[in-house]
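Breakdown of the fold
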Amino acid sequence: MEIAKLLQNVDPSTSPAQFLAWVAETEFQKKETYFLFTGNVGYQQFCQSLEYLQTEATLALKDLETAALVFVAQTIDGDYLFSSPSSTLVIPTSLQKKDCESFEKTIVPFLL
């Protein structure tokens, strides 16, 4: 199903935490198959990958914590989505800093 149709009634200014609560309360995950909303399990896997692949060129967990970013989802391609109340960050599976993409959109407008 088209993601825009699924998100049509969600307030664009919804915070990452509110969005994740909405995902948990609805059937969004069953209908949207490109994003995997794995919650704490996905975040722990991300942290393990960061630890295992840590180099000067990769992100560090402190980089994300200082930016107040919240883990939202992982794509089926393996990229990670983090969001704050004002922006969304896409982190590639390589975890390379230079390949991260930042968008000045909250999570709902980003997904649209």
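Everything in this summary refers to the structure shown in the same document. (Residues numbered from 1 in each chain as written. Predicted model: local features only at pLDDT ≥ 70, side-chain atom pairs only at ≥ 80, totals over all residues. Heavy atoms only, no water.)

1. Regarding the nonpolar core
To keep it simple, the criterion reads: In these notes, a set of buried Ala, Val, Leu, Ile, Met, Phe, Trp, Tyr and Cys residues joined through side-chain atoms within 4.5 Å is what counts as a nonpolar core. Relative accessibility decides the category of a residue: with a 1.4 Å probe and only protein chains considered, values under 20% of the type maximum give buried, values over 50% give exposed, and everything between is partly exposed. Helix and strand definitions follow DSSP, with helices as H or I runs of at least four residues and strands as E runs of at least two, each counted in order from the N terminus. The contact definition used throughout considers only heavy atoms, calling two residues in contact when any of these lie within 4.5 Å.
In terms of nonpolar packing, the biggest core is built from 17 residues, with Phe19, Phe28, Phe37, Leu81, Ile107 and Leu111 touching the most fellow members. Those elements giving two or more residues to this core turn out to be α1 (3-6), α2 (16-25), β2 (70-75) and α6 (107-111). Here the element with the most residues in this core is α6; it accounts for 4 residues. Once you skip the residues sitting within four places of it in the chain, Phe28 turns out to touch Ile3, Leu6, Leu7, Phe19, Trp22, Val23 and Phe37. Residues Phe71, Leu89, Leu95 and Cys100 belong to the second largest nonpolar core, which totals 13 residues.

2. Let's talk about helix α4 (residues 39-53)
Put simply, the rule reads: Multiplying 1.5 Å by the helix residue count minus one yields the expected span of that helix. Arc definition: directions from the helix axis to the C-beta atoms.
Compared with the 21 Å implied by 1.5 Å per residue over 15 residues, the 21 Å span of α4 between its first and last C-alpha is a close match. Buried within α4 are the following residues: Gly42, Phe46, Cys47 and Leu50. One side of α4 holds all its buried residues, which, seen down the axis, span an arc of 140 degrees. Exposed and facing more than 90 degrees away from the buried side of α4 are Asn40, Val41, Gln48, Glu51 and Tyr52. Check the buried side of α4 and you find it contacts α5 (61-66), β2, β3 (80-83) and β4 (88-91).

3. Some points on the sheet that holds strand β1 (residues 35-36)
For clarity, the threshold we go by: Note: two strands are recorded as paired if DSSP finds a minimum of 2 bridges between them. To get an axis, a line is fitted to the C-alpha atoms, and for a helix only the part in contact is used. The angle between two axes follows their N-to-C directions and goes from 0 to 180 degrees.
The strand order across the open sheet formed by 5 strands is β1-β2-β3-β4-β5, and the pairing between neighbours is antiparallel. In this open sheet, the two edge strands, each paired with only one partner strand, are β1 and β5 (101-103). Relative to β4, β3 is paired through 4 bridges, and the arrangement is antiparallel. Across the sheet, residue Tyr80 finds its bridge partner in β4, namely Ile91. Lying over the sheet, α2 contacts β2 and β3, oriented at roughly 50 degrees with respect to β2.

4. A short note on the packing of aromatic side chains
Definition in use: Only the six-membered ring of Trp is used, alongside the rings of Phe and Tyr, when aromatic pairs are assigned; centres must lie within 6.5 Å, and planes under 30 degrees apart are stacked while those over 60 apart are edge-to-face, with the rest tilted.
In the structure shown here, the tally under the stated rule is 12 aromatic pairs. When the centroid spacing of 5.1 Å and the interplanar angle of 55 degrees are considered together, the rings of Phe103 and Phe110 count as tilted. Within the aromatic cluster, the residues linked to one another by ring pairs are Tyr43, Phe46, Phe71, Tyr80 and Phe82.

5. Details of the pairing of β4
Residues Thr88 and Val90 of β4 are buried on one face, and the alternating residues Leu89 and Ile91, pointing to the opposite face, are buried as well. Here β3 folds back onto β4 in antiparallel fashion, the turn holding 4 residues. Of the strand pairs in this sheet, β4 and β5 are connected by 3 bridges, and their pairing is antiparallel. Along β5, the bridge assignment pairs Val90 with Glu101.

6. Here we look at the pairing of β3
Both faces of β3 are covered, namely the face carrying Tyr80 and Phe82 and the face carrying Leu81 and Ser83. Pairing of β2 with β3, which is carried by 4 bridges, proceeds in the antiparallel orientation. Along β3, the bridge assignment pairs Phe71 with Phe82. Counting the residues that bridge the hairpin from β2 to β3 gives 4 residues, and of these Gly78 lies at a positive phi of roughly 100 degrees.

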